[in-house]
Amino acid sequence: MDVGELLNYQPDRGAKRPRGEEDGGAGGDEDSRGGKQLKGMSARELARYREVAGAEGGAEMRETEELIGDKKIILEKLMDQDAEEPEAELVDESSVKKMILTFEKRSYKNQELRIKFPDNPEKFMESELDLNDIIQEMHVIATMPDLYHLLVELNAVHSLLGLLSHENTDILSPVVDLLQELTDIDTLHESEDGAEVLIDALLEGQVVALLVQNMERLDEQVKEEADGIYNTLAIIENMAEFRPGMCTEAAQQGLMQWLLKRIKAKMPFDANKLYCSEILAILLQNNDNTRELLGEMDGIDVLLQQLSVFKRHNPSTAEEQEMMENLFDALCSCLMLPSNRDRFLRGEGLQLMNLMLREKKMSRTSALKVLDHGMIGPEGTDNCHKFVDILGLRTIFPLFMKTPKKMRKTGVSEREHEEHVCSIIASMLRNLKSQQRSRLLSKFTENDCEKVDRLMELHFKYLEAVQQADKRIEGEKHEMVRRGEILDDSMEDEFYLRRLDAGLFVLQLICYIMVEISNSGIPQLQQRVHQILNLRGGSVKVVRHIMREYAESIGDGKSDEFKEAERKRIMDLADNF
């Protein structure tokens with residue numbers, strides 16, 4: 001950099017305040033302090049604004065002002081200032097303590113003046129600007145998670161949570177921004193100890209309840225307040241990712257109710273609605289407490305109403321498609337709880353999913369997944385009977401006979417599609433009784449047993465895939481033994497998961513359907529299955545082995561009595577195959 005460039009750089013340092021005064025017109029002191037410009041800005045936006053102001057200000061000032069004084073003196077001053085900067089930027093434990101104490105004083109002063117002069121804003125406006133400034137300065141603490149304990153020890157967390165109920169929404173936004181940066185998931189993982197202390201303090205202060213109350217009073221028609229809601233949801237997501245166990249407590253503190261209310265609000269689709277659907281799916285993941293809570297709040301109906309839009313129309317954007325998938329994921333999670341299966345049945349969820357399968361829109365893939373979750377296991381018996389009653393067999397078997405090309409376009413693999421369809425048919429074979437079961441079995445005899453032919457085609461397809469995977473795994477095991485490595489349980493589990501990924505689970509479902517229809521008492525079906533097995537060099541022993549493996553892995557999370565009864569039932573079917 002030559003002397004001329006350095007000289008040109010000099011006015012930037014004084015440019016920010018005059019620019020604020022020029023842009024703001026009669027803004028006066030408020031603009032010079034950055035009051036208007038800071039309003040609603042996140043820390044990153046604020047930093048970006050200052051950089052732009054610094055870069056552009058010099059050019060404007062050069063046009064409006066002449067350089068004053070001797071060039072040599074200006075250059076010396078500039079170099080002196082540059083030399084001083086590193087000292088000014090140094091932040092350590094003592095400076096953080098000082099910053100927190102300043103924040104406490106300003107927060108207390110503002111509170112005091114607001115109580116003393118409630119009807120005279122001029123009296124407390126200055127203190128609010130001071131408070132805003134120190135909150136912005138505190139963003140630097142988010143770069144040092146190992147010092148988070150100071151925020152707790154010096155009561156700053158309690159004070160920040162108190163500011164969430166501040167009357168001025170211009171104070172709320174900076175507080176939410178700060179909490180979002182403090183809880184950034186990457187930052188939390190930099191110092192586990194500091195993160196634990198901060199999250200403990202926030203949860204103890206019922207941060208979620210306060211954030212929900214705060215969102216209740218924000219107006220999303222105002223951009224800054226809509227951004228505030230987005231950043232609030234980011235805080236909740238960060239905390240839930242760091243500590244999944246907080247989801248139940250968060251849902252019970254009003255978050256679940258607020259999310260459902262926001263999702264069903266008659267507002268245009270936006271980033272906040274997408275984020276709400278994402279947070280909802282996170283809350284319901286692996287958590288029966290939140291699933292029960294959603295069911296009690298009529299959340300199943302809310303999800304079905306929101307998804308009904310997509311039965312005849314595809315999402316208009318990639319973001320809207322993501323929201324649709326989030327809502328489907330939330331519905332699938334809910335259906336893992338037996339009590340929600342009844343709510344889904346009463347809310348005519350089966351009819352909606354059946355319509356989606358027929359309409360051939362993007363929602364068809366996810367509707368198939370929902371039906372699979374709703375009908376699986378003994379808890380899905382009522383749904384299985386209802387599905388046959390609403391003529392669902394006419395919808396599901398065309399999908400069994402041929403994997404639609406559009407399915408592949410939506411990013412769903414052929415295996416995933418075939419897994420869901422086979423799982424639904426297997427669930428119906430397990431759960432259906434009397435007339436409905438007869439209707440299902442008669443489908444397999446239609447058109448010269450074409451569905452049995454398709455079933456056997458899938459059997460050999462997946463058998464080959466699994467056998468290839470088994471060969472690779474056996475080779476790896478042999479190599480490990482040769483090297484003297486021990487094959488422990490964790491390695492065996494990993495190998496089993498790889499076999500499932502290769503198609504073992506779909507193969508198990510197909511073999512289950514084969515043994516069920518062969519034991520149905522319809523000689524035509526049993527003869528056709530064995531005929532094709534013999535023609536293609538298949539083996540009854542292989543089918544029985546697959547069924548034995550399936551029986552051993554069945555019933556995770558179920559009672560011992562159920563597991564034992566189900567295993568015996570499957571093995572009896574296999575032995576009579």
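Fair warning: this is a prediction, and the values are worked out from it, not measured in the lab.

A. Layout of the overall build of the protein. Along its length, the protein carries 32 helices and zero strands. The burial tally for the protein puts 49% of its 577 residues in the buried class. Considering only contacts in the protein between residues 6 or more positions apart, those separated by 24 or more positions represent 76%. On the protein, roughly 28900 Å² of surface is accessible, and the fraction owed to carbon and sulfur atoms is 49%.

B. Looking closely at the packing of aromatic side chains. In this structure the tally under the stated criterion is four aromatic pairs. Arranged with centres 5.5 Å apart and planes meeting at 90°, the rings of Phe-397 and Phe-444 form a pair that is edge-to-face. In this pair, Phe-397 is assigned in helix H25 (residues 393-401) and Phe-444 in helix H28 (residues 434-482), connecting sequence segments 47 residues apart. On the accessibility criterion, Phe-397 (2% relative accessible area) is buried. Taking the relative accessible area as the measure of exposure, Phe-444 reaches 0% and is therefore buried. Each member of the aromatic cluster is reached from another via a ring pair, and the members are Phe-397, Phe-400 and Phe-444.

C. The arrangement of the environment of Met-362 in detail. The topology assignment puts Met-362 in the loop between helix H22 (349-359) and helix H23 (363-375). Considered as a pair, Met-362 and Met-324 are 38 residues apart in the sequence and their alpha carbons are 9.6 Å apart.

D. Local environment of a negative patch on the surface. On the surface, a cluster of negative charge is made up of Asp-146, Asp-186, Glu-190 and Glu-241. Relative to the helices and strands, Asp-146 is located in the loop between helix H8 (121-137) and helix H9 (148-153).

E. Region of the structure containing the packing of helix H14 (residues 207-216) against helix H15 (residues 223-242). It is the contact of H14 with H15, at a shortest axis distance of 10 Å, that shows an interaxial angle of 165°. Relative to H15, the element H14 is oriented roughly antiparallel. The element H14 and its partner H15 pack so that their crossing is left-handed. On H15, the residues touching Val-207, Leu-211, Asn-214 and Met-215 of H14 are Ile-229, Thr-232, Leu-233, Ile-235, Ile-236 and Met-239.

F. Up close: the side chain of Asp-372. Within the fold, Asp-372 resides in helix H23. For the buried residue Asp-372, which engages in no salt bridge, the nearest side chain bearing the opposite charge is Arg-341, 8.5 Å off.

G. Examining the packing of helix H29 (residues 489-518) against helix H30 (residues 523-535) more closely. At their nearest, the axes of H29 and H30 sit 8 Å apart, and the two run at 135° to each other. Relative to H30, the element H29 lies oblique. Facing Met-514, Ile-517 and Ser-518 of H29, the residues of H30 in contact are Leu-525, Gln-526 and Val-529.

H. Highlighting the confidence of the model for the protein. A residue-level look at the protein finds 83% of positions with pLDDT of 70 or above and a mean pLDDT of 85. Across residues 3-70, where pLDDT falls below 50, the model places 73 contacts with residues more than four positions away in sequence or in other chains. A low-confidence stretch, residues 84-88 (pLDDT under 50), is modelled with one contact involving residues beyond four sequence positions or located in other chains.

I. Molecular detail of the nonpolar core. Leu-151, Leu-255, Leu-280, Leu-331, Met-353, Met-428 and Ile-517 are the most contacted members of the largest nonpolar core, which has 150 residues in total. For Met-353, the residues in contact, after removing those within four places along its chain, are Leu-304, Phe-328, Leu-331, Phe-344, Ala-367, Val-370 and Leu-371.

J. How the structure looks around the environment of Asp-219. Within the secondary structure layout, Asp-219 lies in the loop between H14 and H15. Given the relative accessible area of 36%, Asp-219 is considered partly exposed. Residues Asp-219 and Ile-229, spaced 10 residues apart in sequence, show a C-alpha to C-alpha distance of 9.2 Å.

K. Representation of the pattern of salt bridges within the structure. In this structure the tally under the stated criterion is 35 salt bridges. One salt bridge in this structure joins Lys-461 and Glu-414, with 2.7 Å as the shortest N-O distance. Taken together, the positions of Lys-461 in helix H28 and Glu-414 in helix H27 (residues 414-431) put the pair 47 residues apart, joining distant regions of the chain. We classify Glu-414 as partly exposed; its relative accessible area is 31%. Across the pair Glu-492 and Lys-477 runs a salt bridge whose closest N-O atoms are separated by 3.3 Å. Highlighted residues: Glu-492 in helix H29 and Lys-477 in helix H28, separated in sequence by 15 residues. A relative accessible area of 32% means that Glu-492 is categorised as partly exposed. Three or more residues are tied together by salt bridges with common partners; here these are Glu-414, Glu-418, Arg-454, Glu-457 and Lys-461.

L. Broad picture of the side chain of His-420. Position of His-420 among the secondary structure elements: in helix H27. What makes His-420 buried here is its relative accessible area of 8%. The residues contacting His-420, other than those within four sequence positions of it, are Leu-368, Lys-369 and Asp-372.

M. Molecular detail of helix H20 (residues 318-334). Counted at 1.5 Å a residue, the expected span for H20 with its 17 residues is 24 Å, and the 24 Å between its end C-alpha atoms agrees. Those residues of H20 that fall on the buried side of the exposure criterion are Glu-320, Met-323, Met-324, Asn-326, Leu-327, Phe-328, Ala-330, Leu-331, Cys-332, Ser-333 and Cys-334.

N. Examining unusual backbone geometry more closely. Even without glycine at this site, Asn-155 takes up a positive phi of about 70°. For Asn-155, the position within the fold is in the loop between H9 and helix H10 (156-163). Using a relative accessible area of 40% as the deciding quantity, one classes Asn-155 as partly exposed.

O. Examining helix H18 (residues 288-296) more closely. Of all the positions in H18, only Thr-290, Arg-291, Leu-293, Leu-294 and Gly-295 are classed as buried. Elements that come into contact with the buried residues of H18 comprise helix H16 (247-264), helix H17 (271-284), helix H19 (299-308), H20 and helix H21 (338-346). Regarding H18, its N-cap is Asn-287, as a side-chain oxygen of that residue lies 3.0 Å from the backbone nitrogen of Asn-289 further along. Backbone geometry just after H18 places Asp-298 at a positive phi near 60°.

Parameters at a glance
- Residues numbered from 1 in each chain as written.
- Predicted model: local features only at pLDDT ≥ 70, side-chain atom pairs only at ≥ 80, totals over all residues.
- Heavy atoms only, no water.
- Helix = DSSP H or I, 4+ residues; strand = E, 2+ residues; numbered from the N terminus.
- Buried < 20%, exposed > 50% of the residue type's maximum accessible area, 1.4 Å probe, protein only.
- Contact = heavy atoms within 4.5 Å.
- Areas by Shrake-Rupley, 256 points an atom, 1.4 Å probe, with all protein chains shown as cover.
- Phe/Tyr/Trp six-rings, centres within 6.5 Å; stacked < 30°, edge-to-face > 60°.
- Patch = residues over 30% accessible without salt bridge, like charges linked within 9 Å, V, L, I, M, F, W, Y side chains within 5 Å.
- Salt bridge = Lys/Arg side-chain N within 4 Å of Asp/Glu carboxyl O.
- Lys, Arg positive; Asp, Glu negative; His and termini not counted.
- Charge placed at Lys NZ, Arg CZ, Asp CG, Glu CD.
- Axes fitted to C-alpha atoms, helices over the stretch in contact; angles between N-to-C directions.
- Parallel < 35°, antiparallel > 145°, perpendicular 65-115°, else oblique.
- Left-handed = near helix turned anticlockwise from the far one by under 90°.
- pLDDT = per-residue confidence, 0-100.
- Core = buried A, V, L, I, M, F, W, Y, C linked by side-chain atoms within 4.5 Å.
- Expected span 1.5 Å × (residues − 1).
- Polar contact = N/O pair within 3.5 Å; in protein donor to acceptor, adjacent residues only side chain to side chain.

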